[in-house]
Amino acid sequence: MKLANRVAATQNVGLNDLYTAPDPQQISFAGGYPDPAMFPQAELTNGLKQAAADRAAFQYADAWGDRALRDQLAALMMADGIKATGTDILITQGAQQGIDLTARLMLDPGDGLVVEAPTYLGALAAFNQYAPTYYEVPMQEDGMDLEALQKIQLTHPVKMIYTVPDFQNPTGAVMSLEKRQALVRLANRFDVLILEDGPYRFLRYEGASLPPIKAFDTEGRVIFLGSMSKILSPSLRLGWLVASPQLLDGLETLKGAADVESSALIQRGVSRYLDAADFPAHLAQLRQTYRDKRDVMLAALHRELPSGFAVTQPHGGFFLWLQGPAGLDMTRLQKGTLLPAHVSLVPGRNLSPHHTMASGARLTFAAPAREDIEPGVKRLTKALRQRVRQATGSAD
Ligand SMILES: Cc1ncc(COP(=O)(O)O)c(C=O)c1O
């Protein structure tokens, strides 16, 4: 049987390359998982138990999502600079479904889609199903290169821009305030939708927070995606999107067609959790733990990295970017050297639609145990030094 083209297109992002045979000795800097020690297990269990005490939680509800939860999320958004009420919010199965629904809303085959290079691999997997024409905009320290974006927009029809402005997956970069405002101006000028993916917004470890891009939206053309995955638990599959009424209607219809609705039981459980728990204190704990892990990883990398390699200094989130010398192929390095040395990362080749970032890689400091970070960095940098010696023939 011939499968639809979208299967091969989705596989083309190389998800399969990233899943390797289980290796109990491996220290993984690859998966963007939260630290399991940080799940508020007791408080979430309480919330879920309370929700389960009501028989109605086991019934179908509606595609918009639980109204009490939507109001709570709207309050969270308001406090973060986005003017929203509960009716401006659609509950999704994680931010991933928000990406998929927005792509479904906007993209016919061949439509122009701008992504950051490098970008979030799961977004490419979702987008590939809709066969867009991709335009890659290079990442800079302060977010995507807007001059490059403008050049693309002047010469090509772009319908949508996907960005992770806060602690970007995979570079950790934060888009500057000026760029956030300029991006909205460009979108207005060229009639483009901006998809702002913000699952790391609440995980800032230093410096002052910048308003979301959605806060500068004057024409209802920014969709903001939030998620509980990194700040509560990914198994809840609980995300949300904030959009203007004209976009929300279409998104709600598409959500109903995709999965009818998100689990009422889970939504009500999270709503009870938010009512009863000290969520700000929980977030403060997350920040403290992840800041410390980031510092351990950066210190080890700065000590051990051979010359020719550089890393970004993220102020939040889960990731930093390791940039190697031109010509280095991180995919080959991973297969040939890193995996045998029991350490792993996400090679850059997988993180852009045209596979242009082969000499870089994403590392996470969130998931590995604190005590594994330094030994893992030693394994990694030993392999990098070997590789440099091979490439240069040097004897040191
Ligand atoms: C930038 C970005 N967007 C979306 C997701 C998907 O998250 P969720 O679990 O909320 O679907 C992730 C997860 O790694 C991510 O890093």
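Basis of the calculations
Residues numbered from 1 in each chain as written. Predicted model: local features only at pLDDT ≥ 70, side-chain atom pairs only at ≥ 80, totals over all residues. Heavy atoms only, no water. Domains from an automatic or database assignment. Buried area = accessible area lost by both parts, 1.4 Å probe. Salt bridge = Lys/Arg side-chain N within 4 Å of Asp/Glu carboxyl O. Polar contact = N/O pair within 3.5 Å; in protein donor to acceptor, adjacent residues only side chain to side chain. Helix = DSSP H or I, 4+ residues; strand = E, 2+ residues; numbered from the N terminus. Buried < 20%, exposed > 50% of the residue type's maximum accessible area, 1.4 Å probe, protein only. Arc of directions from axis to C-beta. Expected span 1.5 Å × (residues − 1). Contact = heavy atoms within 4.5 Å.

Draft legend 1. Layout of the domain arrangement of the protein chain. Here the domain parsing of the protein chain yields domain 1 (5-39 + 281-389) and domain 2 (41-276). One C-alpha centre belongs to domain 1, the other to domain 2; they are set 24 Å apart. Together domain 1 and domain 2 conceal approximately 3000 Å² of surface at their shared face, both sides included; 63% is due to carbon and sulfur atoms. Viewed at the interface, domain 2 and domain 1 are joined by one salt bridge. A salt bridge links Arg294 to Glu206; the shortest N-O distance between them is 2.7 Å. On the surface where domain 1 and domain 2 come into contact, there are 17 residue pairs in polar contact (both at pLDDT 80 or more). Put simply, the parts of the chain that give the side of domain 1 that touches domain 2 at least two residues each are helix H1 (5-11), helix H2 (15-18), helix H11 (279-304) and strand E11 (319-323). The element best represented in the side of domain 1 that touches domain 2 is H11, accounting for seven residues.

Draft legend 2. Spotlight on the environment of His156. Tracing the chain through its elements places His156 in the loop between helix H7 (146-155) and strand E6 (160-163). Separated by 77 residues in the primary sequence, His156 and Ser233 place their C-alpha atoms 40 Å from one another.

Draft legend 3. Expanded view of helix H12 (residues 330-338). For H12, the set of buried residues is Met330, Thr331, Leu333, Gln334 and Leu338. Within H12, the buried residues cover an arc of 165° as seen down the axis, which keeps them to one side. Across H12 from its buried face, at more than 90 degrees, point the exposed residues Arg332, Lys335 and Gly336.

Draft legend 4. A look at helix H9 (residues 245-259). The end-to-end C-alpha distance of H9, which contains 15 residues, comes to 21 Å, matching closely the 21 Å that a straight helix rising 1.5 Å per residue would cover. Taken together, the buried positions of H9 are Leu247, Leu248, Leu251 and Lys255. Across the axial projection of H9, the buried residues extend over an arc of 95°, all falling on one side. Seen from the buried face of H9, the exposed residues on the opposite side, beyond 90 degrees, are Gln246, Thr253 and Ala257. The inward-facing, buried residues of H9 abut strand E2 (89-92), helix H5 (94-106), strand E7 (193-197), strand E8 (222-227) and strand E9 (239-242). Positioned one or two residues after H9, Val260 has a phi angle of 70°, which is positive.

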